[in-house]
Structure formats: structure tokens, C-alpha cells
Amino acid sequence: MDRRDFLKNLAITTAAASYLPKSAAAPGKKASAFLAADNLKPTNPAAPDVEGHTEVCEFKLDSITWKAFEDLRTRDGSITFLASDGDSRILPKSAEATFAEADPPYLGLSLKDIGMSGPDLLAQKLLQNGDPDPELVKSAAPPLGSSTGNRPVFFRLPWNTFVGTKECFDTMPVYPSGSTRTYHPGQYFPELNSSTAAEKRFEGLLGAWMPAVRKIMPTSDAAYDELIIFGDVEAHDKFIVQTWHRTAHIENGQITKVVYGYSYPAFPPARTDPRPEEFYRALLQFAGYWQRQLHDVAPASLPQDAWVDMSRYAFAKELMVRPGGVYPKYGAVDRDYYGSEYDGFQDIFTMSVAANLEWGRFEMARAVIDNYLTDFTDAKGMINMRGPETAQFGMELMLFARYFNYTRDSTLLLKHQEKIAATAKLLCEMHDESLQLPADDPGYGLIHGWSESDSCLAPTPETWWLPYFANSAFAARGLKEISHTWRSIKPAPETEKATSDWLRRSKILQDAVAASIAKNVRRNMNPPYIGTYPGTTLTFWESMEKEHPSPQGWPHRPYTELLHADVLPPELANLVIDCLRAYGATTLGIVANVERPHPTGRDILGFISYGYALALLRLDRIEEYLLFLYSHRFHDHTRGSWTAGEVAGIAGGTATFCIPAQQTIPLLVRWMLVLEDSDEDRLYLAKGVPRDWLGSGKEIRIDQAPTRWGRVNFRIVADHAAKKITANVLLARAGAPKELQVKLRLPKENTLQSVTVNGRPAKLGGAHNDVAIFATHADKHFDVVGTFI
């Protein structure tokens, strides 16, 4: 697509003009209405080619006749719907092996050495040649849920994914064998009841990113059982998820046996198994429903579609987890973490708002903010949750400001202005308390408070009431951001005193954090070591070994929050990252769930840790950023079904699902394409793109990406035959932001020769001299063209 098509096909709108999409369909709305309103016309007006596909049934939806076709020539052939009025829908299939394939595992390293080593040995091997190889990262440890020893893990935690709808207040777990808690396909296919049937299974989705579970159980080289399960989007039950099932045996490209099911076993004559026409009609309704639910996700196209699909799937999963699509839940199915005691957890709120805002889901972000401030925040800014996490209050303020910057919607913030101001006041009061300490106290001027919510459950919770650097760092960030927002939405005389104080404190806190870290760095260690709060004399591992309870418990959270706040100078931020990597706080390049070292492995922190990844990207540590991205996909998500764990081991065990972990991939994918500078009037484009993606010659693209300057369209592609790389940028407003930086991250074998912007020579910068840096002036359209050898 050339620049003219790029500009013509996607009209840009400012965030102010388009902050809220039309409302999603009401619960119980009929699928025909979804289909009519869902813009289901094919991208290509020509009807999909179904030559060689098997016609499985024909049915009517309202007055339209539909035919369902399935490509059985390959294991992952699509299901295609063709309508008598020319409409169509294609649902692709995916499948990934859920079992370990690498021999030997762990890249040949010993699991004992990996667990007991301070340095992240796996990360070192994966980064030794530049950009990590995704397939090598995938093979570096067994998949979640794979067998350990002679006992399949799924006997210990049976379910590995779930289905549901936005409207239903619960979800339905799906087991490795394809069973739910109300429907067992093994009654019709006895081979599925074998204890080994699911050990060598493949899992995926139907519809690319839609929450329709697909499981493949090979029965021979040419035959397999395929199971498809999805939630009924027309059901009206408040808590019960009604489910559709198709279990089929496919051999040599033909379905030789098939059984359709709906929620429960048949009980004739009152309850009988559904006919094929009913199943495929429900599947078509399902596809239209989910397309509508996610209609506002910023469109993106990458050389590997799975990254966009995982991002969209995370939002679908959030809608299923949240009762009614809004009320917060940390997990699903089991009491841990679906119990009400977790509902007010700040991470549910902050992760959801961050992810939804970055992908343009403003209506969802608005609903989540409104719910949290209404039901989970009191007049003093305190949350309705057992153990507040101090740094998260600052992050809340930052996200309130980001919501306004992206949407220009002041109404919501003014509705809750007293509670937002109370949150800022709470941090100011905690800062004032720290200023009452003696000037020589290590914690003087730093906000004291819990970092980890679980601190409050210990016999001596005061052990962790500490001046974590992250507490003050995020307070500094949040107070700064909300002060600018408050001045924009409220009259100056009314806000000047408060906002001036917030800005003053922000600078004081930022300076205090940097000064205290610099003072407390142990430069006699190589690399230098810094703890999570001032005055520590032991490393976190030493403390865990010698102090009981250890005041340095849960160090992973304050480290990643400190980096996420982005208030440190680059030298100190890099020092913190190097410290984590060297002293036992990362696993496979992701922040570890830090515990005492042991010879049976080490864990990945699936949630929270995205702040560490963001710091890697900001500091141009792109290879490490990509390792984090790949490791999170392959080792914190179940393969194919993409269920993310709060904490995941690397020995093939299980992980407890939590929705903040699921929303990590959407953030990382968005940031690698479009990233705002925290403080400067500057936007980074393609900053984290893998070299192989530009080496593929395929287009990398995101449209309508929200920023504080409005929506942005961006595409980049390299033509290796012509030795030319082209990037196109379309801003919402001319001259906003003031500066763009477009990274042209070609494969290592290529060398960038020259770059022009709109036909004029451009400055190249960056550590590798591969970043086009230019002022926007009065322009909004930019063509960046580079030549390379």
C-alpha cells in the first residue's frame, strides 16, 4: 500500500473528537442484530475461495441463507461462512504443541545451576547473538502444564482455559481433555478418557483471537480428534455459562465421526443433542458478537499475526472475567483468585486502564475507572482492599491523567474529583510524615508504606512498612501528571494552590529518590548492587536466608515499580536493571518471583513485571525487551490457549491465572510500535521492532494508536530488492508532538546509508545510528525513506 492509500483509507481523528465509541450490545441481544451492526462485510469484496473445502451444513439466520464450509485438507484449515446476500466470515484455526519438544531442555544447562545462580543463565545464552530467536526462547523451558516426571500436571490443576461471555457473571473452565464441569466429550469418544490422551495434545483458538477453545488429540499420523468449545452469546443466565461443543474424529481429510453438544449430556426426549445447523448458526453468532465487543481496538498488522491475536484475546478474556464486563475480578473459576477478597486489588485496576487506553478502548477504560472510584475508593482516597500497595496510588494518579490526555473527557474526572484529590492528598500526607524523621534517617523524605498487598496478612505487617524507592518514585510521577490534568479541567484559582504543591512535591520526591539511590549503591560489588529501600546491608537473597521474616520479601514489586515510574536518570535506571539481572531477580529475561534460591528452578513474575520491560525499551535495551516479550508468551502463557499465570515456574508446572498477567502482551506490543516519552514532547515509532520483522519484507502497521497528542497512524516496511525502507506517519494535529523518532531497525547484515523525511535529508541518531530524528513543525504527514546496503 502506498502513501496515498495509507492516508485515504484511514481518516485520522483527534482523541477529543472520538473518545467514546457506540455502546456495545445489551445482554441477550439477538445475533442477527449483532451481524447487521457488526460490519461483517469481507475486507476483499470477492467471495472467499472454498474450492476443496467440505460443505458441512446450511442454515437460515433471519431471512438470509448461510452455508458453512470447512477446509479439512490441513489440520488447521479454516471454517468459512458464505451468505446468500454475498456476506461472508472466515474463522481461522490455530494450534500449538502443549508438550515439551526440546531435548535436552534448558538449552543444555542444568536446572540446579539455573536455580542457584545469581545471574540469569538462560537469558545470557539467549542474548549472546543479539536479538533472541523466538524458537530458541520457546525451547528454553518446558511449556506450562506439560508433564513432569511420570505424572501429567493436568491431574493437579485440571483446567487450563475457560470460556464465557461479557454478560455472564461467571466463567466455565475447560480441561485439557476438552471437558467442562457439565459436559464430557469422553462419553462419546472413549479414547479421550485415557490418562495419556491429552499429554501430546495441541491447543489453539477458533477465530484467530476469539475465545473459542480448540484442542487436537492425535490418534495416528493421519487422524486426530478435534474439540471446539465456546460460550453461548445468546444465553441469558446470570451465572451459568451455556456452552457449545463439537467433537469430531478427522482422518485423511474427512470427518468420520462427529457429536454436537450444548452445555449438558442429552436427556431425551426433553433435552437432545443439537443438530449441526444449530451449532454453526451459534458459531456465526458468536463471531459477530465478539467482533462487536472489540470493535474499538486499534487495528494493527504484524509479520506474525499471533502477537495481534494475543493482544485482542486478552481484552476478550478480560470481558469474560469481569462480571457484566466491568466488575473487577483478579482470576477466574477457583477461589484463588476469583474470591471477593481480591476484587479491590489495585493491579486489576491499573493494568486494565493502562492496556485498554493504549489500544483505544476508551469506553472500557471509562467504565473501569468509574467503577473503581465509585465502589472501591472512599472519600479519603483509600481502597476497599485488605493491603494497599503504596506505589500503586501514584500509578492511579498517572492513569487518571493519561485517561484525560487520550480522551479529553473531563466529565468523568470531575465526577470523582474529590476522591482523586484525596488520593493525591494521601500521598502528600505520607510524604509529610517522612519529613518528620531525623535528617540523618535513611528514610528521611521518602514515603513509607507497604509495597506488597500480602504484607498486611503477616503476624508483623509493620516489618514491610518501609521507605521503598518505588513509593516515592510513583508518587512523583503521579503528582506531576495529575497536576497538569487538574489545571486543564478546573479553574486556575481553585486549583493553583494544590497543583503547585503537587508539582513541588513531585520534584522533591524525584530528587530524593535519585539522591538516596546514588548514596546507597554498593559499588564495591560487581555489578553495583542497590536494594529496594535505603539502609539495607544485605542483598535480598542474603536477607531471605538470614532474616525471618525478611524485610526484603517480595522485592520484585518495588524494583519493577521503581523502573516503571520513569523518574530516574538513565545511569541509575540501567544500574537497577543490571542489579536485577545479576543477583537473582530475573528468569528468562523477565522479572522473577524472587524467593530463596533452590535447585529445582526459579519462577517468572507474570504480572507487575511489565514496568521492567517498559524501562528496557525506554533505555534502548531492545534485545532484552524482545526476550521479555518472547519469554512471557512462551513461558507465562499456556501454549495455544494463551492463559497467563500470575507466577510461572520453568519446570513444566502449573500457574494460577490472573488477568493482569494476561494484559502484559497487549502493552508490550503497543509500546514496541508507538511509545510516548514520559516528559518530553516526543514520540517514538518502531522503537522495539525485531530486526527479523523488517527483514521479512512484510508490513508493520498500527492505525488510530492513541497518544496524548491525538490518534496516530504508522506503517513501516523494508523492500530488500530495492534496498529501501519506508515509514509513513500520520498525526492527528500538525506539529504535535514537536519531535518524532522513527527507528529503522534493519537486520544486522544491512547498513543504513541515508534517510529523508518528506524528501529532505534527515538526521540519524541512536546508539546504532538507525533512528530518524526530526521536528514536526507545521506538518502532520511524514514519509520517511531510507536506503541501505
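Scroll up a little and you will see the structure.
Described in the following lines is the structure provided in the data block. (Residues numbered from 1 in each chain as written. Predicted model: local features only at pLDDT ≥ 70, side-chain atom pairs only at ≥ 80, totals over all residues. Heavy atoms only, no water.)

Looking at the element boundaries, P269 is found in the loop between β12 (254–262) and α6 (276–293). Residue class for P269 comes out exposed when judged on its relative accessible area of 80%. For the pair P269 and E595, spaced 326 residues apart in the sequence, the C-alpha separation amounts to 58 Å. (Helix = DSSP H or I, 4+ residues; strand = E, 2+ residues; numbered from the N terminus. Buried < 20%, exposed > 50% of the residue type's maximum accessible area, 1.4 Å probe, protein only.)

Moving on, we get to the sheet that holds strand β28 (residues 781–788). Pairing is antiparallel in the open sheet, where seven strands are placed in the order β13-β20-β21-β22-β28-β24-β25. In the strand order of this sheet, the two ends are held by β13 (300–301) and β25 (760–761), each with one partner. Pairing of strand β21 (residues 712–719) with strand β22 (residues 724–730) involves seven bridges; the strand directions are antiparallel. Counterpart to R715 in the pairing with β22 is N728. (Pairing = 2+ DSSP bridges.)

Scanning the entire structure with this criterion turns up six cavities of 30 Å³ or more. Taken as a whole, the second largest cavity spans an internal volume of roughly 70 Å³. Taken together, 13 residues form the lining of the second largest cavity, with W541, G584, E595, R596 and R602 sitting closest to its centre. A breakdown of the residues in the lining of the second largest cavity according to their chemical character gives four nonpolar, five polar and four charged. (1 Å grid on protein atoms, 1.4 Å probe; cavity = no way out; pocket = protein on both sides within 12 Å on 5 of 7 lines; lining within 4 Å. Points joined across faces, edges and corners; volume = space filled by probe spheres on them. Nonpolar A, V, L, I, M, F, W, Y, C, P; charged D, E, K, R; others polar.)

So, about unusual backbone geometry. Going from D336 to Y337, the amide bond is cis rather than trans, its omega being 10°. The topology assignment puts Y337 in helix α8 (residues 335–338). A cis amide bond links N526 with the next residue in sequence, P527, at an omega value of 0°. As for its placement among the helices and strands, P527 is situated in the loop between α15 (492–520) and α16 (540–546). At R408, a position not held by glycine, the phi torsion is positive, near 60°. Secondary-structure assignment places R408 in the loop between α11 (390–407) and α12 (410–415). According to the relative accessible area criterion, R408 is partly exposed, its value standing at 39%. In the Ramachandran plot, W642 falls in the positive-phi region, its phi being about 55° despite a non-glycine side chain. Mapped onto the elements, W642 comes out in the loop between α20 (622–635) and β17 (647–649).

Another aspect to go through is the packing of aromatic side chains. Inspection of the entire model under this criterion finds 37 aromatic pairs. When the centroid spacing of 5.4 Å and the interplanar angle of 85° are considered together, the rings of F99 and F202 count as edge-to-face. Of this pair, F99 sits in the loop between β5 (96–97) and α3 (111–116) while F202 sits in strand β8 (residues 202–205); the two residues are 103 residues apart in sequence, bridging distant segments of the chain. Since its relative accessible area comes to 14%, F99 is described here as buried. Owing to a relative accessible area of 18%, F202 belongs among the buried residues under this scheme. Of the aromatic side chains, those joined through ring pairs into one cluster are F230, W244, Y260, Y262, F279, Y280 and F286. When the ring centre of F202 is taken as origin, the NZ or CZ atom of R75, which lies over that ring, is 4.5 Å away. If you follow R633 out to its NZ or CZ, it ends over the ring of W307, 5.2 Å from the centre. (Phe/Tyr/Trp six-rings, centres within 6.5 Å; stacked < 30°, edge-to-face > 60°. Lys NZ or Arg CZ within 6 Å of the ring centre and 35° of its normal.)

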